[in-house]
Amino acid sequence: MDQGLELSDRKKKILEAIIRTYMETGEPVGSRTVSKFTDLNLSSATIRNEMADLEEMGLILQPHTSAGRIPSDQAYRMYVDTILESKNKEVSDIQELLLEREDKIDLLLKQVAKLLAQNTNYTSMVTKPRYEHRRIKFIQLSRTSEDQILVLIVTQNNHVTNKFIDTETDIPENDLAQLNFLLNTALNGLDITEISIALASKIRDQAGEYASLAAQILDVVAATMSDDEEEIYTSGATNILKYPELMDKEKMEGLLSTFEEKQMLTAWANDVPMEKDKEHQIQVYIGEESPIESMKDCSVVTATYQIEEGVYGKIGIVGPKRMDYQKVVGTLENCMQQLDGIFKKKSLTDKGGRNDS
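Definitions and cut-offs
- Residues numbered from 1 in each chain as written.
- Predicted model: local features only at pLDDT ≥ 70, side-chain atom pairs only at ≥ 80, totals over all residues.
- Heavy atoms only, no water.
- Helix = DSSP H or I, 4+ residues; strand = E, 2+ residues; numbered from the N terminus.
- Buried < 20%, exposed > 50% of the residue type's maximum accessible area, 1.4 Å probe, protein only.
- Contact = heavy atoms within 4.5 Å.
- Areas by Shrake-Rupley, 256 points an atom, 1.4 Å probe, with all protein chains shown as cover.
- Axes fitted to C-alpha atoms, helices over the stretch in contact; angles between N-to-C directions.
- Parallel < 35°, antiparallel > 145°, perpendicular 65-115°, else oblique.
- Left-handed = near helix turned anticlockwise from the far one by under 90°.
- Nonpolar A, V, L, I, M, F, W, Y, C, P; charged D, E, K, R; others polar.
- Core = buried A, V, L, I, M, F, W, Y, C linked by side-chain atoms within 4.5 Å.
- Pairing = 2+ DSSP bridges.
- pLDDT = per-residue confidence, 0-100.
- Salt bridge = Lys/Arg side-chain N within 4 Å of Asp/Glu carboxyl O.
- Expected span 1.5 Å × (residues − 1).
- Arc of directions from axis to C-beta.

1. Focus on the overall build of the protein chain
Okay, step 1: Along the protein chain, the regular secondary structure elements total twelve helices and eleven strands.
Okay, step 2: Across the 357 residues that make up the protein chain, the buried fraction comes to 45%.
Okay, step 3: Long-range pairs, those at least 24 residues apart, make up 63% of the contacts in the protein chain with a sequence separation of at least 6.
Okay, step 4: With the model as given, the accessible surface of the protein chain reaches about 18,900 Å², and the carbon-plus-sulfur share is 46%.

Given below as structure tokens:
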């Protein structure tokens, strides 16, 4: 717990005792209380001297004129970094529940949000998966009636979208097949950013008498490929009412509004670091470090889940700055491991894997 500061073992133990006690009680911690939670057998006077040093270092604060102290954001940061380096990240009570996966990912993620809120007693946020790239695998045009066709778009991550388009006249099957071939030849393997105005114009020209229909199909493709509508599942929003330091009316209303309306969560959802060398991307934001304005008096712990290459989302847990970081980080790590297993099994199934035993 030295994060740029040289602390003696005695100071480290006293600081940890203050942090742990404050996390449990939410009340400023005095020297007499600290003496009961350490194995140093020091007098209250000696502990007070050490606490004075810690206060000068900016690691503890005195919120009132009383002798009690509370941890600073810097102290929480040191404590969290120590936890992140440790190996003790096992939380088993969520494991069996996560393994009972739902067939649909959105139902699974809603359940994950609920379980995380119940398990931590804080508030959870889970985003639906986003696609880093959406490249076209193929387009299929099918006539459903004399004046309607079905446009089916499959991306390379096997995401399927379909849309009905009304036509002015009946299109012969042969002409529809030729239009289908033209679109696939021109668009196969392209991302939305690679479909230029010049390319769209060329496709319309080559479509001849069906230029108008080709333009409609291109509009459907563009809408499908650029559909970044965020959906964020939250659970346990009322858990924040359990912590006195967040009961200020303005703070409470701001937090509840954020979880209810969710627009402010979009920036957080879009900010997904995808560093390949850091599995699960567990991040801890304390106080002013929070990426969400209404959560500057809270701590936010987030992790990145990945379904497959280029398909990812975020999970977050929000609580007071005195949250039980060890449990939260361990819970998220365990959750990520379980999701890895679930998504890997799903990926094998999608690719036609089977057990021949």
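2. A word on the environment of asparagine 162
Okay, step 1: With respect to the helices and strands, the residue asparagine 162 is situated in strand β7 (residues 160-166).
Okay, step 2: Judged by its relative accessible area of 47%, asparagine 162 falls in the partly exposed class.
Okay, step 3: As a C-alpha pair, asparagine 162 and valine 220 span 58 residues in sequence and 8.9 Å in three-dimensional space.
Okay, step 4: With residues up to four places along the chain from it excluded, the contact list for asparagine 162 reads Leu150, Val151 and Leu152.

3. Structural notes on the packing of helix α7 (residues 173-187) against helix α8 (residues 197-207)
Two quantities define a packed helix pair, namely the angle between the helix axes and the distance between the axes.
Okay, step 1: At a minimum axis separation of 11 Å, α7 and α8 run at an interaxial angle of 160 degrees. Judged on the interaxial angle alone, α8 and α7 are roughly antiparallel. α7 and α8 meet at a crossing whose hand is right-handed. Contacts from Leu179, Leu182, Leu183, Ala186 and Leu187 of α7 reach α8 at Leu199, Ile203, Gln206 and Ala207.
Okay, step 2: Looking at side-chain class alone, the contact of α7 with α8 contains eight nonpolar, one polar and no charged residues.

4. What to know about the nonpolar core
Okay, step 1: Within the largest apolar cluster, 66 residues are counted, with the highest numbers of intra-cluster contacts made by Met125, Met295, Tyr305, Ile315, Tyr325 and Leu339.
Okay, step 2: Here this core gets nine residues from one element, more than from any other, and that element is helix α12 (residues 325-350).

5. Some remarks on the sheet that holds strand β5 (residues 136-145)
Okay, step 1: In space, the three strands of this open sheet follow the order β5-β6-β7, with antiparallel pairing throughout. Each edge of the sheet is formed by a strand with only one pairing partner; in this case those strands are β5 and β7. Pairs of neighbouring strands in the sheet enclose a mean axial angle of 20 degrees, with direction left out of account.
Okay, step 2: In this sheet, strand β6 (residues 148-155) lies alongside β5 in antiparallel orientation, the contact comprising eight bridges.

6. Remarks on the pairing of strand β11 (residues 311-320)
Okay, step 1: The element β11 is extensively covered by neighbouring structure, given that ten of its ten residues are classed as buried.
Okay, step 2: With four bridges connecting them, strand β3 (residues 123-127) and β11 associate as antiparallel partners. Each residue of the ladder has a partner; that of methionine 125, found in β11, is glycine 316.

7. Focus on the environment of isoleucine 286
Okay, step 1: Structurally, the position occupied by isoleucine 286 is in strand β9 (residues 283-286).
Okay, step 2: Classification of isoleucine 286 as buried rests on a relative accessible area of 1%.
Okay, step 3: Sequence separation of isoleucine 286 and serine 299 is 13 residues, and the distance between their C-alpha atoms is 4.5 Å.
Okay, step 4: Excluding residues that lie within four positions of it along the chain, isoleucine 286 makes contacts with Asp73, Tyr76, Arg77, Val80, Cys298, Ser299, Lys321 and Tyr325.

8. A closer look at the confidence of the model for the protein chain
Fine structural detail should not be taken from predicted coordinates in areas where pLDDT scores are low.
Okay, step 1: In this model, the protein chain carries a mean pLDDT of 79, and residues with pLDDT of at least 70 account for 80%.
Okay, step 2: Across residues 274-278, where pLDDT falls below 50, the model places five contacts with residues more than four positions away in sequence or in other chains.
Okay, step 3: The model gives residues 353-357 a pLDDT under 50, and that stretch makes one contact with residues more than four places away or in other chains.

9. So, the pattern of salt bridges
Okay, step 1: This structure, assessed with the given rule, holds eleven salt bridges.
Okay, step 2: Put simply, arginine 135 and glutamate 194 hold a salt bridge, and the shortest N to O gap is 2.7 Å. Taken together, the residues arginine 135 in the loop between β4 (130-131) and β5 and glutamate 194 in the loop between α7 and α8 connect sequence positions 59 residues apart.
Okay, step 3: Look at the salt bridges and you will find they share partners, linking Arg10, Lys11, Glu50 and Asp53 into a network.

10. Details of the environment of glycine 319
Okay, step 1: One can find glycine 319 in strand β11.
Okay, step 2: Spatially, the C-alpha atom of glycine 319 lies 8.9 Å from that of methionine 295, the residues being 24 residues apart in sequence.
Okay, step 3: Residue contacts for glycine 319: discarding those within four places in its chain leaves Tyr122, Cys298 and Ser299.

11. A word on helix α9 (residues 211-225)
Owing to its 3.6 residues per turn, the α-helix brings residues three or four apart onto one side.
Okay, step 1: End to end, α9 covers 21 Å across 15 residues, agreeing with the expected 21 Å (1.5 Å per residue, within 8%).
Okay, step 2: Listed in full, the buried residues belonging to α9 are Leu213, Ala214, Ile217, Leu218, Val220, Val221, Thr224 and Met225. Each buried residue of α9 lies within a common arc of 160 degrees when the element is viewed along its axis, so the set occupies one face. Exposed side of α9, more than 90 degrees from the buried face: Ser212 and Asp219 are the residues found there.
Okay, step 3: On its buried face, α9 sits against β5, β6, β7, α7 and α8.

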